Amino acid sequence: MIDTAPAPTPQARPHSGQSEQPPQQRVLRRFLRNRGAIMGLVLVATLVLLALLAPWLAPHNPNQQHRGQRLAPPSAEFPLGTDNLSRDLLSRLLYGARLSLGATLLATVVIVLIGVLVGALAGYMGGLVDSVLMRIVDTLLAFPGLLLALAIVGMLGPGLTNAIIAVVLVGWADYARIVRGVVLSTREQPYIEAAVALGVRPPAIVLRHVLPNALGPIIVLASLEMGALILTLAGLSFIGLGAQPPTAEWGAMLDQGRAFFQRAPQLMLYPGLLITLAVLGFNLLGDGLRDALDPTRGE
Amino acid sequence: MTQSAVRSTQSDMTNYFLRRLLALIPVLFGISLLAFVISMLAPGDPAGALYQQLYGEQPRDAETLERFRQELGLNDPAPLRYLRWLGGVAQGNLGASFRSGQPVLHELTSNAPPTLLLALGGLAVSVALAFPLGVLSALRPNGGFDLLARLFSLLGAAMPSFWLAYLLILLFAVRLRWLPVAGLGTWQHLVLPCLTLGLAGAATLSRLIRSSLLEVLGQDYVRTARAKGLREGLVVLRHALRNALLPVVTVLGNRFAALLAGAVIIETIFAWPGLGKLILDAIAFRDYPLIQGFVLFTGLVFVLVNLAVDLLYRVIDPRIRL
């Protein structure tokens, strides 16, 4: 069942020093020539910048309630109007970017670390360790991540931290499989044999000579998966299992806007639009990186 | 094809089927282990809740609770508890829901059909949309229509489905008043949730159909068909599309799984009484047996759906011998 999934990443290949041009330059040139990739990069960079600068850009405290300004229309003081609790919508959206993007980034970092560790262990040790770890990976991949994450948060209890724990527990399997594949395919390379013969210790070999080959596929997968992670975390918050009110998080803001969506559709319009733009940005970026890093694709 | 060739094809198929069934065993084992381990994530002591459910009152003192734990074997080591639980599961006993007291298996099977209906409807919508989009895009790659279709698929994949649902409600139910907002009853109630699910599904599916068709259109036999003077429409529909479909079928299982998962969230928006409502209620009530059963049940469903799709693939592509 796993082999039916469309492979989102290029085949990992060991470095080959045949071309005249340094590979990094070739990758960069191919990336810069891709209009979609540039658009993705600009989108992501803009949103990250907005998130970082939120305290300076936001006109108000995101949780401050302004008396008598309930569901106020846009004005000079409240550029996008206010929400049902008289809070400035723009400020909440800006601070929401911090939480939504920050939680996704944190989850991704932990997921990649676990995935690399498990994958390298499985590929390097082989035998029983490999079999057991890969059965765990198969099991996790047999599930749709969202439902498993839902059940895990359900057991742990609602909250953004628990939601992050849940997506981490569910999300590392893909990375482990890729890293294991890279380790297995590079293990027999002559330069690894040379390193072994020179007496380099196994952890150093894996870290310095094997894992760099996995860097491309990992970066591609991570940027493609970040879009999916944003959607999952926002979805969990939307059904009340992630960030809790009054936290300004895009998914939670959508949930809070539900009851007013006929009278004040903007409460749902803006957070949804930002989620869409963020996911779009990461998807375009991931596609662009994949095309640029895949040596089999023609220029 | 000779008589013996036909027979050997059939026995190949049976062999393959048996091998796939055998390969399922470790995955099913893993899913059961996962469901069991997940239940251990719950904070606090489930014995109190269980006592409450069985006797309708809190245990009088710590001693009563401790005796209760002993009786139920809750103090036994985890592997022993897992085996005992698995023994019950093998006989269809997933325990009783804390909330309703009903058997978990009954709760799950009686709530599954509405969710399956939504997912199937979503699948139908996405296939119906993805085909024309994918085929028309492939006819003129990078043409005007292809660019529009690409934009559609990029947006469809990036939009949160639960947000799209509200946009559709706002348009079709509130502004235009064509369709009911939520609930279950007539076929009209199915339209918005299925459209929500189907639009997101069509986004990825249409690009896949496009690239698969483009690949096939570059092959020799298609050139032969064109060289014979066949009209382009006929070449695509009669010759290319059939082969282009094969890779598409392999992802349908994944798409269906994704739709089923999506349906769980979409249900809450449209007040659709299915698995999504069941699991969210269970989470709100800390109904651990039900959450555990949900993991086991959905895991089983996904594994079986993927098996079915794999077999279907073998049946429709006679070239594959394994």
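If you're wondering where the values come from, they're calculated on a predicted model, not measured in any experiment.

Participant: Looking at this model, I keep getting lost on the overall build of chain A. Mind explaining?
Facilitator: Each helix and strand counted, chain A has 13 helices and zero strands in total. For chain A, the C-alpha atoms occupy an extent of roughly 75 × 45 × 35 Å along the three principal directions. Taking all 299 residues of chain A together, the buried fraction comes to 53%. Long-range pairs, those at least 24 residues apart, make up 71% of the contacts in chain A with a sequence separation of at least 6. Here chain A displays about 13,600 Å² of accessible surface, and carbon together with sulfur accounts for 64% of that area. One finds the centroid of the 21 positive side-chain charges in chain A at a distance of 4 Å from the centroid of its 17 negative side-chain charges.

Participant: I would appreciate a short explanation of the overall build of chain B in the present structure.
Facilitator: Per the secondary structure count, chain B includes 12 helices and zero strands. Its helices and strands taken in sequence order, chain B reads α-α-α-α-α-α-α-α-α-α-α-α from the N to the C terminus. Relative to a compact globule of 322 residues, whose C-alpha radius of gyration would be 20 Å, chain B shows 25 Å and is clearly more extended. With the C-alpha coordinates of chain B rotated into their principal frame, the extents come out at 90 × 65 × 30 Å. The buried share of chain B, taken over its 322 residues, is 46%. When contacts within chain B are restricted to residue pairs at least 6 apart in sequence, long-range pairs at least 24 apart make up 72% of them. Accessible surface, chain B as shown: approximately 16,200 Å² in total, 65% of it carbon and sulfur. Taken as two groups, the 27 positive and 18 negative side-chain charges of chain B have centres that lie 16 Å from each other.

Participant: What is the right way to read helix 3 (residues 62-72) of chain B from this model?
Facilitator: Given 3.6 residues per helical turn, the α-helix brings residues three or four places apart onto the same face. Residues and elements named next belong to chain B. Every buried residue of helix 3 is listed here: T64, L65, F68 and R69. Seen end-on, helix 3 carries its buried residues on one side only, within an arc spanning 140 degrees. In helix 3, the exposed positions that point more than 90 degrees away from the buried face belong to A62, E63, Q70 and E71. Where helix 3 is buried, its residues meet helix 2 (46-55). Directly after helix 3, the chain includes G73, whose backbone phi takes a positive value near 75 degrees.

Participant: In this structure, what is going on with the interface of chain B and chain A? I would like to understand it.
Facilitator: A common measure of how large an interface is: the accessible area buried when the components associate. Contacts between chain B and chain A engage 50 residues on the former and 42 residues on the latter. When chain B packs against chain A, the two sides together hide about 4,100 Å² of surface, and 80% of this comes from carbon and sulfur. For the pair chain B and chain A, the interface holds zero salt bridges. Counting across the chain B and chain A interface gives one residue pair in polar contact (both at pLDDT 80 or more). Listed by contribution, the elements that provide at least two residues to the side of chain B that touches chain A are helix 1 (3-39), helix 6 (144-158), helix 7 (161-175), helix 10 (232-269), helix 11 (275-284) and helix 12 (288-316) of chain B. Among the elements that line the side of chain B that touches chain A, the one with the most residues is helix 12 of chain B, at 11 residues.

Participant: Any chance you could explain the nonpolar core here in plain terms?
Facilitator: Soluble, globular proteins show a tendency: their nonpolar side chains are buried together. Judged by nonpolar contacts, the single largest core of 163 residues is most densely connected at L148, L150, F238 and W250 of chain A together with L108 and I269 of chain B. Ranked by residues supplied to this core, first place goes to helix 12 of chain B with 14 residues. Residues in contact with F238 of chain A, not counting those within four places in the same chain, are G251, L254, D255, R258 and M268 of chain A together with F162, Y166, I265 and I269 of chain B. A138, L217, V222 and A225 of chain B belong to the second-largest nonpolar core, a separate cluster that totals 18 residues.

Participant: Explanation requested: the confidence of the model for chain B in the structure shown.
Facilitator: Caution applies to low-pLDDT parts of the model: their predicted coordinates are not meant to be read in detail. Chain-level statistics for chain B give a pLDDT mean of 83 and a share of 93% at 70 or above. Mean pLDDT values over the elements of chain B span from 73, in helix 2 of chain B, up to 92, in helix 6 of chain B.

Participant: Can you walk me through the packing of aromatic side chains in this structure?
Facilitator: Ring pairs (aromatic) are described by centroid distance and by the angle formed between their planes. By the definition in use, this model includes eight aromatic pairs over all chains. Considering the side-chain rings of F261 of chain A and Y166 of chain B, the 4.9 Å spacing of their centres and the 80 degrees angle between planes classify their relative orientation as edge-to-face. A residue pair is termed interchain when its members come from two chains, as with F261 of chain A in the loop between helix 12 (250-257) and helix 13 (266-293) and Y166 of chain B in helix 7. Relative to Y82 of chain B, the ring of F29 of chain B lies with its centre 6.2 Å away and its plane at 80 degrees, an arrangement referred to as edge-to-face.

Participant: Is there a simple way to explain the environment of G299 of chain B in this structure?
Facilitator: The residue G299 of chain B is located in helix 12 in this model. Taking C-alpha positions, G299 of chain B is 27 Å from L245 of chain B, a pair spaced 54 residues apart along the chain. If we skip the residues at most four places from it in the chain, G299 of chain B touches F143 of chain A together with I31 of chain B.

Participant: Would you take a moment to explain unusual backbone geometry for this structure?
Facilitator: Negative phi values dominate among residues other than glycine, just as trans dominates among peptide bonds. At the junction of P245 of chain A and P246 of chain A, the peptide bond is cis and its omega measures out at 5 degrees in the coordinates. Relative to the helices and strands, P246 of chain A resides in the loop between helix 11 (215-238) and helix 12. Even without being glycine, L71 of chain A reaches a positive phi, approximately 50 degrees. Mapping L71 of chain A onto the fold places it in the loop between helix 3 (54-57) and helix 4 (89-125). You will see that N142 of chain B, though not glycine, has its phi angle at about 70 degrees, which is positive. Structurally, N142 of chain B is set in the loop between helix 5 (104-139) and helix 6.

Participant: Sorry, what's going on with the pattern of salt bridges here?
Facilitator: Pairing between side chains of opposite charge can happen when their charged atoms approach one another. Enumeration over the complete set of coordinates arrives at 15 salt bridges over all chains. Notably, a salt bridge pairs R258 of chain A with D255 of chain A, separated by 3.1 Å at the nearest N-O pair. A relative accessible area of 18% places R258 of chain A in the buried class. Classification of D255 of chain A as partly exposed rests on a relative accessible area of 27%. In this structure, the salt-bridge partner of K277 of chain B is D281 of chain B, at a minimum N-O distance of 3.0 Å. Within this pair, K277 of chain B and its partner D281 of chain B are both found in helix 11, separated by four residues, close to a single helical turn. Since its relative accessible area comes to 41%, K277 of chain B is described here as partly exposed. In this structure D281 of chain B comes out as partly exposed when scored by relative accessible area, which is 22%. Shared partners join several salt bridges into a network, and the residues in it are D83, R87 and R92 of chain A.

Participant: Can you walk me through helix 4 (residues 78-90) of chain B in this structure?
Facilitator: All names here are of chain B. For helix 4, which comprises 13 residues, the first-to-last C-alpha distance of 18 Å matches the rise-based estimate of 18 Å (1.5 Å per residue) to within 8%. Among the residues making up helix 4, those that are buried are Y82, W85, G88 and V89. In a view along the axis of helix 4, the buried residues occupy a sector of 125 degrees, so they form one face of it. Away from its buried face, by an angle of more than 90 degrees, helix 4 presents the exposed residues P79, L83 and A90. Once helix 4 finishes, G92 follows within two positions and takes phi at roughly 80 degrees, a positive value.

Cut-offs applied
Residues numbered from 1 in each chain as written. Chains lettered and ligands numbered in written order. Predicted model: local features only at pLDDT ≥ 70, side-chain atom pairs only at ≥ 80, totals over all residues. Heavy atoms only, no water. Helix = DSSP H or I, 4+ residues; strand = E, 2+ residues; numbered from the N terminus. Buried < 20%, exposed > 50% of the residue type's maximum accessible area, 1.4 Å probe, protein only. Contact = heavy atoms within 4.5 Å. Areas by Shrake-Rupley, 256 points an atom, 1.4 Å probe, with all protein chains shown as cover. Lys, Arg positive; Asp, Glu negative; His and termini not counted. Charge placed at Lys NZ, Arg CZ, Asp CG, Glu CD. Rg over C-alpha atoms; globule rule 2.2 N^0.38 Å. Arc of directions from axis to C-beta. Buried area = accessible area lost by both parts, 1.4 Å probe. Salt bridge = Lys/Arg side-chain N within 4 Å of Asp/Glu carboxyl O. Polar contact = N/O pair within 3.5 Å; in protein donor to acceptor, adjacent residues only side chain to side chain. Core = buried A, V, L, I, M, F, W, Y, C linked by side-chain atoms within 4.5 Å. pLDDT = per-residue confidence, 0-100. Phe/Tyr/Trp six-rings, centres within 6.5 Å; stacked < 30°, edge-to-face > 60°. Expected span 1.5 Å × (residues − 1).

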